[in-house]
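Chain by chain, the residues run as shown.
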Amino acid sequence: MDTMTQRGALHLHCQPNKVGCAFTFAYRAENHGSVPLFVMDAMPSIDPETRAVRANAQATAVILRADGVAVLGKFIAPLPQDRVLLAPDLPLCARVEPGQAIERELQVPLPFAEASPYFP
């Protein structure tokens, strides 16, 4: 199944699949506009041993809605209401020039579990 979403100049093609014990989402984000777009593409992370900062392209927010639908993606996770944060955990973005595209694959392990950068 190939799904396509169009929001103005951004066209997103996604091919969900199940491989082994994970859902995979091969996707392509295309800029059909006349100005550069910034696509949320990864989350910053720190290697616990070396303390080196790197991009984690597989970090995914997973939210279970009240109607039983799981929403997942690379986006700013909802902020917790029970604590004060110094700053939200913001995704890293890939710049996509007019007429250009990026292709990625996201793997989400099964079973789904709600995931947020604010809670263990």
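Check the entry above for the structure.
First, a word on what this report is: a plain description of the structure on this page.

Thresholds applied
Here the residue index of a chain counts from 1 through its sequence in written order. Side-chain atom pairs in this predicted model are given and counted only at pLDDT of 80 or more, local residue features only at pLDDT of at least 70, and totals for whole chains, interfaces and linings cover all residues. Hydrogens and water molecules were not included; the side-chain quantities draw on all heavy atoms of the structure. We call Phe, Tyr and Trp rings a pair once their centres come within 6.5 Å, taking the six-membered ring for Trp, and we label the pair stacked below 30 degrees between planes, edge-to-face above 60, and tilted otherwise. Only protein chains enter the area calculation, which uses a 1.4 Å probe; residues under 20% of their type maximum are buried, those over 50% are exposed, and those in between are partly exposed. Each helix is a run of DSSP H or I of at least 4 residues and each strand a run of E of at least 2, with the numbering of both proceeding from the N terminus. At least two DSSP bridges between two strands are required for those strands to pair. Whenever a nitrogen or oxygen atom comes within 3.5 Å of another N or O atom, the pair is scored as a polar contact, on the condition that within protein one atom can donate a hydrogen and the other can accept it, and that pairs from neighbouring residues in sequence are kept only if both atoms are in side chains.

Remarks on the packing of aromatic side chains
Tallied over the full model, the rule gives one aromatic pair. Ring geometry for phenylalanine 23 versus phenylalanine 25: centroids 6.5 Å apart, planes at 55°, classification tilted. With a relative accessible area of 29%, phenylalanine 23 lands in the partly exposed category. By relative accessible area, phenylalanine 25 is classed as buried at 18%.

Examining the environment of proline 78
For proline 78, the position within the fold is in the loop between β7 (70–73) and β8 (92–96). In this structure the C-alpha to C-alpha distance between proline 78 and alanine 61, which are 17 residues apart in sequence, comes to 9.2 Å.

Concerning the pairing of strand β2 (residues 10–19)
Where β2 and strand β3 (residues 22–31) come together, 10 bridges link them in antiparallel fashion. Bridge pairing in β3 links valine 19 to alanine 22. In sequence, β2 turns back onto β3 through a hairpin of two residues, with glycine 20 there showing a positive phi of about 60°.

Quick look at the side chain of threonine 60
If you trace the backbone, threonine 60 turns up in the loop between β5 (53–56) and β6 (61–64). At 3.0 Å, the side chain of threonine 60 forms a polar contact with the backbone oxygen of glutamine 58.

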